[in-house]
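Residue strings, one per chain:
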Amino acid sequence: KSPTMRFDDVIGAGEAKAALADVCAWLTEPAKFTGMGVRAPCGILMTGGPGVGKTRLAQALAGECGANFIAITGSYFSAKYYGVGIQKVKHLFELARKNAPTVIFIDEADGLGKRTDTGGGPVEAESNRIINQLLAEMDGFASNEGVVIVAATNHPENLDEAMRRPGRFDRTVQVRLPDLEDRAEILRFYASTLKTKAGDIDFNQLARLTTGLSPATLSMIVNQAGLVARKAGEHEVAAVHFLEAIKIARIGDINGAERALSDDER
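Residues numbered from 1 in each chain as written. Predicted model: local features only at pLDDT ≥ 70, side-chain atom pairs only at ≥ 80, totals over all residues. Heavy atoms only, no water.

### As for the overall build of the chain
- Along the chain, the regular secondary structure elements total 10 helices and 5 strands.
- Relative to its full complement of 266 residues, the chain shows a buried share of 43%.
- Taking the contacts inside the chain whose residues are at least 6 apart along the sequence as the reference set, 77% of them involve residues at least 24 apart.
- As presented, the chain carries roughly 14,000 Å² of accessible surface, and 52% of it is formed by carbon and sulfur atoms. (Helix = DSSP H or I, 4+ residues; strand = E, 2+ residues; numbered from the N terminus. Buried < 20%, exposed > 50% of the residue type's maximum accessible area, 1.4 Å probe, protein only. Contact = heavy atoms within 4.5 Å. Areas by Shrake-Rupley, 256 points an atom, 1.4 Å probe, with all protein chains shown as cover.)

Structure below.
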């Protein structure tokens, strides 16, 4: 099904959204590309640390284009029985072509691994065949009209070189960590579900204290602030609870002995 999410629903990631706008045009108006003799992007590789929003961007891309969305992980193709993984690849592309326009999203794509030389045993040989079949399916440009494959990985260096050659995953979209304004907005978004103390929380100040943290970690901090408030017997979450939650995210939960130290000593 086509997701309801749009690019506007994803906070930040401006560069990644701009890079994906081309792909959106290809899915909605392929004739504009083919009419000019331009080869459209077939595979997009999204790279970035864990929790930066790669899955959400892929959903937003499909939603923005009104395309169908198929989400799998790199380990989906591995199977106990010989030949099943290759059939899964064939079935996936048949399904995508039948329901075009389609965005196929392969999360943790490094799970596909690299092709190895012969002599690695039956498991490696089967893995090689699965990757070969995936590459063969991606090469069928004429039949792949309206199908875009988005792969997400934290370890792009673990992907097979043949996957990254022009005509396959030839476009890399870097999804970066949120900046100061984006962090403040993300914290506001997640905190909107909490019962917070009115006028007590300065989200811009909290954003300054969370430099280098991913949206997933920020979500965890907001939830942790709620847990800290509940533990303290409060009925509303205040700024002090958020500060405690950031400490927990940065250095782990503080035990009784550490709590006895003053802030300066710590």
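### Focus: the pattern of salt bridges
- Here the structure, examined in full by the defined rule, presents 2 salt bridges.
- Here Arg-176 ties to Glu-15 by a salt bridge, and the two come within 2.9 Å at their closest N and O atoms. Here Arg-176, found in the loop between β5 (171–174) and α6 (180–191), pairs with Glu-15, found in helix α1 (residues 14–28); they are 161 residues apart in sequence, far enough to count as distant. Accessibility assignment for this pair places Arg-176 and Glu-15 in one class, exposed.
- Residues Arg-97 and Glu-137 are paired through a salt bridge, measuring 2.9 Å at the closest nitrogen-oxygen approach. (Salt bridge = Lys/Arg side-chain N within 4 Å of Asp/Glu carboxyl O.)

### Regarding the sheet that holds strand β3 (residues 102–107)
- Taken in spatial order, the 5 strands line up as β2-β3-β4-β1-β5 in an open sheet, and their pairing is parallel. Only two strands of the sheet have a single partner each, and these edge strands are β2 (68–73) and β5. On average, each strand axis in the sheet is inclined to that of its neighbour by 20°, with strand direction left out of account.
- Packing of α1 onto the sheet brings it into contact with β1 (43–47), β3, β4 (147–153) and β5, and relative to β5 it is tilted by some 140°. (Pairing = 2+ DSSP bridges. Axes fitted to C-alpha atoms, helices over the stretch in contact; angles between N-to-C directions.)

### Some points on the packing of aromatic side chains
- Going through the model one piece at a time under the given rule, you end up with 3 aromatic pairs.
- With 6.2 Å between their ring centres and 20° between their planes, Phe-69 and Phe-105 make a pair best called stacked. Remark: Phe-105 occurs in strand β3 and Phe-69 occurs in strand β2; sequence separation between them is 36 residues.
- A relative accessible area of 15% means that Phe-69 is categorised as buried. (Phe/Tyr/Trp six-rings, centres within 6.5 Å; stacked < 30°, edge-to-face > 60°.)

### A few points about the packing of helix α8 (residues 215–231) against helix α9 (residues 239–251)
- Between α8 and α9, the shortest axis-to-axis distance is 8 Å and the interhelical angle comes to 125°. Comparing the axis directions of α8 and α9 gives the class oblique. For α8 against α9, the interelement crossing comes out right-handed. Two secondary-structure elements touch here, α8 through Thr-217, Met-220, Ile-221, Val-222, Gln-224, Ala-225, Val-228 and Ala-229 and α9 through His-241, Phe-242, Glu-244, Ala-245, Ile-246, Ile-248 and Ala-249. (Parallel < 35°, antiparallel > 145°, perpendicular 65-115°, else oblique. Left-handed = near helix turned anticlockwise from the far one by under 90°.)

### Thoughts on helix α3 (residues 54–65)
- Here α3 contains 12 residues, and its C-alpha end-to-end distance of 17 Å stays within 8% of the 16 Å for a straight helix at 1.5 Å per residue.
- Among the residues of α3, those classed as buried are Lys-54, Leu-57, Ala-58, Ala-60, Leu-61, Ala-62, Gly-63 and Cys-65.
- Buried residues belonging to α3 abut α1, β1, β2, β3 and β4.
- Positioned one or two residues after α3, Gly-66 has a phi angle of 70°, which is positive. (Expected span 1.5 Å × (residues − 1).)

Honestly, it's all geometry; don't read function into it.
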